[in-house]
Amino acid sequence: MKALAAACLLTLASALPVVAASPCQPGEIVVKFATVVSPTDNPKGIAAQIFADRVNRAMKGRVCVIVYPNSMLYDDDTVLQAMLQGDVQMAAPSLSKFEAFTKVFRLFDLPFLFPDIAAVDRFETSPAGERMKSAMVDRGLAGLEFWHSGMKQFSANRPLLRPGDAAGLKFRIQPSAVLAAEIRALHAQPMSIAFADVHDALKTGVVDGQENTWSNIYAQKIYKVQDGITETNHGVLEYLVVTSTAFLNAMPADTRSQFLGILHAVTVERNAAVTKVEAKSRAAILADRGTIRSLTPDERAEWVAAMQPVWAEFRTDVGPENLAAAEAASRVSEPTGGTGG
Ligand code: LMR
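Please read all numbers here as calculations on a predicted model, not as lab measurements.

What counts and what doesn't
- Residues numbered from 1 in each chain as written.
- Predicted model: local features only at pLDDT ≥ 70, side-chain atom pairs only at ≥ 80, totals over all residues.
- Heavy atoms only, no water.
- Helix = DSSP H or I, 4+ residues; strand = E, 2+ residues; numbered from the N terminus.
- Rg over C-alpha atoms; globule rule 2.2 N^0.38 Å.
- Buried < 20%, exposed > 50% of the residue type's maximum accessible area, 1.4 Å probe, protein only.
- Contact = heavy atoms within 4.5 Å.
- Areas by Shrake-Rupley, 256 points an atom, 1.4 Å probe, with all protein chains shown as cover.
- Lys, Arg positive; Asp, Glu negative; His and termini not counted.
- Charge placed at Lys NZ, Arg CZ, Asp CG, Glu CD.
- Expected span 1.5 Å × (residues − 1).
- Polar contact = N/O pair within 3.5 Å; in protein donor to acceptor, adjacent residues only side chain to side chain.
- Phe/Tyr/Trp six-rings, centres within 6.5 Å; stacked < 30°, edge-to-face > 60°.
- Lys NZ or Arg CZ within 6 Å of the ring centre and 35° of its normal.

1. Quick word on the overall build of the protein chain
1) Next: What the protein chain contains, in helices and strands, is 13 helices and nine strands.
2) Next: A compact globule built from 341 residues should have a C-alpha radius of gyration of about 20 Å, and the protein chain, at 21 Å, falls within 12% of that.
3) Next: If you line up the protein chain on its principal axes, its C-alpha atoms span 75 × 55 × 30 Å.
4) Next: By the burial criterion, 54% of the 341 residues in the protein chain qualify as buried.
5) Next: Once local pairs closer than 6 in sequence are excluded, the contacts in the protein chain between residues at least 24 apart make up 76%.
6) Next: Within the structure as shown, the protein chain displays about 14,800 Å² of accessible surface, and the carbon and sulfur contribution to it stands at 57%.
7) Next: Positive and negative side-chain charges in the protein chain, numbering 33 and 36 respectively, have mean positions lying 5 Å apart.

Structural data, given as structure tokens:
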């Protein structure tokens, strides 16, 4: 009888959901940091965890950061609203995901604007880039730091070597008007799909292709459900670490200053490491027998020519002065493309 009761208890226990004990102590300011990405392969996932570990060590008793990766708390469509309601305190959505709050970040989606991440870095740390962080303050969101992710590559269920190869295909995009225009410029059809659903959408044929960084293509196993990846380096994926102005302003001044100081140190360190993180994912795709195709200079020029007309449509939204600053930052780099720089 005793054995039966023990067996029943065991069965019951294994059926119950596992609730992780909160690592936070009573009295600490709890910061829930939601991401949609892998905590081990994606540069944002890695940086968020390092940031949490440092705050939790240095600010024990005052602030406690918990990272929720892989869309387990919110996806990017819901996280900003949840932040304004105080249900989550930090996130770092890609700059393509702020359309409902500001149009200036459309700059980052203009195809072939930035040749590499070094150029992006120069722009983001310029006065124009710094100003952009405050673009949503009147809507209750404070931009804290830009985090790099990487250059984007195209993939599809058939080889893409010339822009004409994309014609007639359906491409998953992030919810961005510029990215929709970019895909239409290829005579293809854009479809906005949440990041967590991209792999399955490609696998089941809801869409034929997509664009993303090496780390996301690797971590989501996108290369396994595509014919191959074409190294186009046609755009950038960048993040803005955000919180609500209400949450930030409610922090005691000295706490806020230490918290933001740690965030800035992690930003500088991880942004400098991003090229290596992306290169590691690229190598891992090859090691797992993924196909990567390079473009000849002529083929690349055709992609540039096909997508360049998109710029004209968005000049006003992004601000001509921002575009000029981004072009100046880009001129310093060799226009050959690449994951970093
Ligand atoms: C995407 O939706 O493709 C990216 O924004 C995901 C991410 O955060 O890297």
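2. Topic: helix α2 (residues 43-58)
1) Next: In a regular helix each residue adds 1.5 Å, so 16 residues correspond to 22 Å; α2 covers 22 Å between its end C-alpha atoms and thus fits that length.
2) Next: Residues of α2 that are buried include every one of P43, K44, G45, I46, A47, A48, F51, A52 and V55, and no others.
3) Next: Where α2 begins, the capping side chain belongs to N42, and its oxygen is found 2.6 Å from the backbone nitrogen of K44.

3. Topic: unusual backbone geometry
1) Next: At N70, a position not held by glycine, the phi torsion is positive, near 55 degrees.
2) Next: Mapped onto the elements, N70 comes out in the loop between β2 (63-68) and α3 (79-84).
3) Next: Assessed through its relative accessible area of 44%, N70 is described here as partly exposed.
4) Next: We note that H187 has phi near 60 degrees; this positive angle belongs to a residue other than glycine.
5) Next: Position of H187 relative to the elements: it lies in the loop between α6 (177-185) and β6 (189-192).

4. Quick word on the packing of aromatic side chains
1) Next: In this structure the tally under the stated criterion is 12 aromatic pairs.
2) Next: Ring centres of F108 and F123 lie 5.8 Å apart, and the angle between their planes is 65 degrees; on these two criteria the pair is classed as edge-to-face. One end of the pair, F108, is in the loop between β3 (90-91) and α4 (117-124); the other, F123, is in helix α4, with 15 residues separating them in the sequence.
3) Next: Taking the relative accessible area as the measure of exposure, F108 reaches 2% and is therefore buried.
4) Next: A centroid spacing of 6.0 Å and a plane angle of 15 degrees characterise the contact between Y218 and Y223, whose relative ring orientation is stacked.
5) Next: Taking the ring centre of Y218 as reference, the NZ or CZ of K221 above it sits at 3.8 Å.

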